[in-house]
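What the coordinates show
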Amino acid sequence: MPLIKLENIVKIYDLGAEKVHALRGINLEIEKGEYVAIMGPSGSGKSTLMNIIGCLDTPTSGRYFLNGVNVSELSDNELARIRNKEIGFVFQMFNLLPRADALHNVELPLIYAGVPGDLRKKLAREALEQVGLGDRLHHKPNELSGGQRQRVAIARALVNKPSIILADEPTGNLDTKTGNEILALFDELHSRGNTIILVTHEPDVARHAHRIIRIRDGMIESDEKVVDRIIAQKG
Amino acid sequence: MGFLLQLQESLKIALQSIFAHKLRSALTTLGIIIGIVSVTLMNMTIEGLGEAFRSSISAIGADVLYIQKWPWFAGEDWWKYRNRREIKISYAKDIKERSTYAVAVAPTVFSRSTLRLGSNSMENVIVIGTTDEFIYTAGVSVEFGRFMSEVEVKAERPVCVIGAEIAEKLFGNVNPIGRDLKIAGRTFRVVGVLEKQGKFLGLESLDDRVYIPIGQFMRMFPWRTGATITVKIKNMDEIEEAIEELRGIMRTLRRLKPWQEDDFSVNRQELLLNAYNQTVGVIGAVGLGITVLSLIVGGIGVMNIMFVSVKERTREIGIRKAVGATQRAILMQFLVEAIMISLLGGVIGLIFAVILGFVVDQILPTSLPLWVALLSIFISITVGVISGIIPAYKASKLDPVESLRYE
Ligand SMILES: Nc1ncnc2c1ncn2[C@@H]1O[C@H](COP(=O)(O)OP(=O)(O)OP(=O)(O)O)[C@@H](O)[C@H]1O
Ligand SMILES: [Mg+2]
């Protein structure tokens with residue numbers, strides 16, 4: 001059973017005057033432990049697809065099975081639970097709570113999972129140590145560099161031990177060197193068995209993955225294995 | 001478990017948010033503060049009046065009628081009653097003879113005078129001349145000794161019964177029974193001490209009075225006219241008939257023609273009750289008006305600030321939803337914030353009300369039982385819930401993707 005199975009996923013934005021066909025029938029299977037890059041020109045529907053996979057958004061039509069569960073039939077509450085337990089999101093804009101320190105930001109998914117205080121702090125600290133921020137627990141986002149902020153976001157994505165980590169242009173706001181550090185982190189997470197789906201514009205970034213899916217105008221244009229894979233070196 | 005954690009997180013966020021916008025929060029709570037001050041003060045005075053009233057009303061039995069020149073609540077017609085004839089002490093005897101409903105009749109007259117015991121003295125003590133039946137009409141018991149007897153009244157003996165406060169002030173630890181004291185220079189022997197009665201309507205003490213046989217009183221203060229005849233009736237159920245009978249007797253004594261109006265008043269406890277209810281009603285109506293008005297204004301203020309807060313934190317809502325916050329969790333977060341702001345106003349209002357209570361105490365008795373404080377807190381929480389629910393619901397329904405995109 002594939003981890004993710006998309007059947008004819010369609011997403012239409014109804015703007016009244018016109019309808020935007022963001023996704024026009026996506027069929028896709030992703031196995032557990034895969035590292036997939038999604039590429040495509042701007043406006044091709046990459047983020048829309050990621051949001052549907054991450055249960056942040058629901059398709060207009062089509063079926064989505066996550067771990068064999070038909071997600072398209074779930075209620076808002078059940079979707080929230082899936083986002084909490086099964087999905088770890090990493091965004092281009094980091095999306096950290098500005099007033100909370102690194103530790104609290106990472107604790108957030110655990111709070112909504114109902115993990116009690118001491119265990120929660122311990123897990124959040126471990127996740128931050130895993131991304132190399134063990135010494136920045138009490139820094140607020142504006143006291144951290146871009147790369148460090150993205151690490152906090154990755155720690156937050158990791159902390160609930162999700163089935164999939166979804167990253168929508170995680171290096172888009174970072175310089176090449178910092179971006180490479182982040183990619184090294186993803187490589188490491190992948191080598192530990194995490195499933196990773198990553199959206200990117202840059203071919204060099206995509207070549208960290210095992211498989212590249214190209215999208216154009218809301219449809220899959222190509223889906224192929226990476227032969228010359230790059231494995232980033234840490235530091 | 002999950003609920004408590006989320007509540008804890010909500011409290012934390014709410015406090016952060018309130019402290020991050022101190023001035024805004026303070027201004028928002030103003031309406032609630034005024035509302036809570038008003039509702040608390042209202043309840044404090046109503047409660048205070050009620051307590052004073054309940055402890056006083058027993059001094060005026062429900063089954064006792066007071067025949068007097070003045071009605072208790074003359075209102076604007078006071079000039080009408082001014083020219084009435086005074087009530088004569090002798091009416092008491094006539095009423096006692098003729099009335100079928102009366103079980104005890106006692107005339108009372110009073111004056112102020114000085115009490116002296118050795119070097120101790122009390123100025124301006126109310127001296128009341130009455131008869132032995134007063135003990136039945138006054139609804140008061142004797143603590144030590146006894147009340148004056150019929151024989152003592154008839155023989156106009158120089159005996160007196162003193163109030164609890166007089167016993168305390170003049171005699172201290174000494175047993176006053178059988179001892180002599182001087183009233184307006186004349187020697188009286190104390191035969192009894194009345195039990196403590198407290199202040200009438202929280203204002204005038206009933207315990208610094210001294211009672212003497214009415215004949216003695218007339219010899220000492222011959223210029224005092226204008227008695228009150230107190231009449232205790234047999235049966236509460238027959239009070240209307242008793243009043244009619246008394247009016248008839250009085251009209252005969254006064255030789256009034258059928259077309260002439262009563263030139264006396266038959267007062268009863270109920271009048272006091274009515275006046276009390278009226279006062280409480282006015283305080284209640286005014287207080288309620290101010291309260292409702294300011295709470296509506298305050299509630300709208302809170303609602304407004306919550307809409308602003310939801311708008312400002314759209315992105316935060318998106319982030320929280322992305323990591324697994326349910327709609328209920330978001331709803332709770334904003335509801336808790338609204339309740340906290342409102343509760344803050346409530347607590348500040350309560351403190352102000354207690355302080356202002358000391359000022360009000362100079363005019364009206366106030367009292368702050370626990371339920372008044374709890375009610376105020378409950379009201380402020382309710383206002384928080386009512387004004388927070390719509391913004392919080394709106395926040396809970398926000399689309400996660402849209403919210404994350406919000407700048
Ligand atoms: N909320 C929305 N309302 C209307 N149209 C939308 C909305 N969100 C996305 N779209 C449209 O859907 C299409 C796909 O958008 P999407 O954000 O998925 O593109 P993308 O591939 O992620 O682009 P980029 O590389 O620029 O991030 C675009 O044409 C976009 O204009
Ligand atoms: Mg995008």
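This text goes with the structure placed above it.
Computed from a predicted structure; not experimentally measured.

Focus on the interface of chain A and chain B
In this complex, chain A contributes 24 residues to the contact, which on the side of chain B involves 25 residues. When chain A packs against chain B, the two sides together hide about 2,300 Å² of surface, and 59% of this comes from carbon and sulfur. When the area that chain A buries against chain B is broken down by residue, the three leading residues are Leu-56, Arg-99 and Tyr-112 of chain A, summing to 29%. The tally of links between chain A and chain B comes to zero salt bridges. Across the contact surface, chain A and chain B share seven residue pairs in polar contact (both at pLDDT 80 or more). When grouped by side-chain class, the residues that make up the side of chain A that touches chain B number twelve nonpolar, six polar and six charged.

Regarding a nonpolar patch on the surface
Residues and elements named next belong to chain B. A cluster of nonpolar side chains, Leu-30, Ile-34, Val-282, Val-286 and Ile-290, forms an exposed patch at the surface whose accessible area comes to about 440 Å². Contributing elements (two or more residues each) for the nonpolar patch: helix 2 (22–57) and helix 10 (269–312). With three residues, the single largest contributor to the nonpolar patch is helix 10.

Some details on the pairing of strand 1 (residues 64–68) of chain B
All names here are of chain B. In terms of residue burial, strand 1 counts as a mostly covered element, since five of its five residues are buried. Because side chains alternate across strand 1, one face comprises the buried residues Val-64, Tyr-66 and Gln-68, and the other comprises Leu-65 and Ile-67, equally buried. One ladder, built from four bridges, connects strand 1 with strand 11 (residues 228–233); its direction is antiparallel. Note that in strand 11 the partner of Tyr-66 across the bridge is Thr-230. As defined by bridge partners, strand 1 adjoins strand 12 (residues 265–268) across four bridges and the pair is classed as antiparallel. Within strand 12, the residue paired with Leu-65 across the bridge is Arg-268.

The rules behind each value
Residues numbered from 1 in each chain as written. Chains lettered and ligands numbered in written order. Predicted model: local features only at pLDDT ≥ 70, side-chain atom pairs only at ≥ 80, totals over all residues. Heavy atoms only, no water. Contact = heavy atoms within 4.5 Å. Buried area = accessible area lost by both parts, 1.4 Å probe. Salt bridge = Lys/Arg side-chain N within 4 Å of Asp/Glu carboxyl O. Polar contact = N/O pair within 3.5 Å; in protein donor to acceptor, adjacent residues only side chain to side chain. Nonpolar A, V, L, I, M, F, W, Y, C, P; charged D, E, K, R; others polar. Patch = residues over 30% accessible without salt bridge, like charges linked within 9 Å, V, L, I, M, F, W, Y side chains within 5 Å. Areas by Shrake-Rupley, 256 points an atom, 1.4 Å probe, with all protein chains shown as cover. Helix = DSSP H or I, 4+ residues; strand = E, 2+ residues; numbered from the N terminus. Buried < 20%, exposed > 50% of the residue type's maximum accessible area, 1.4 Å probe, protein only. Pairing = 2+ DSSP bridges.

That's the geometry; what it means functionally is another story.
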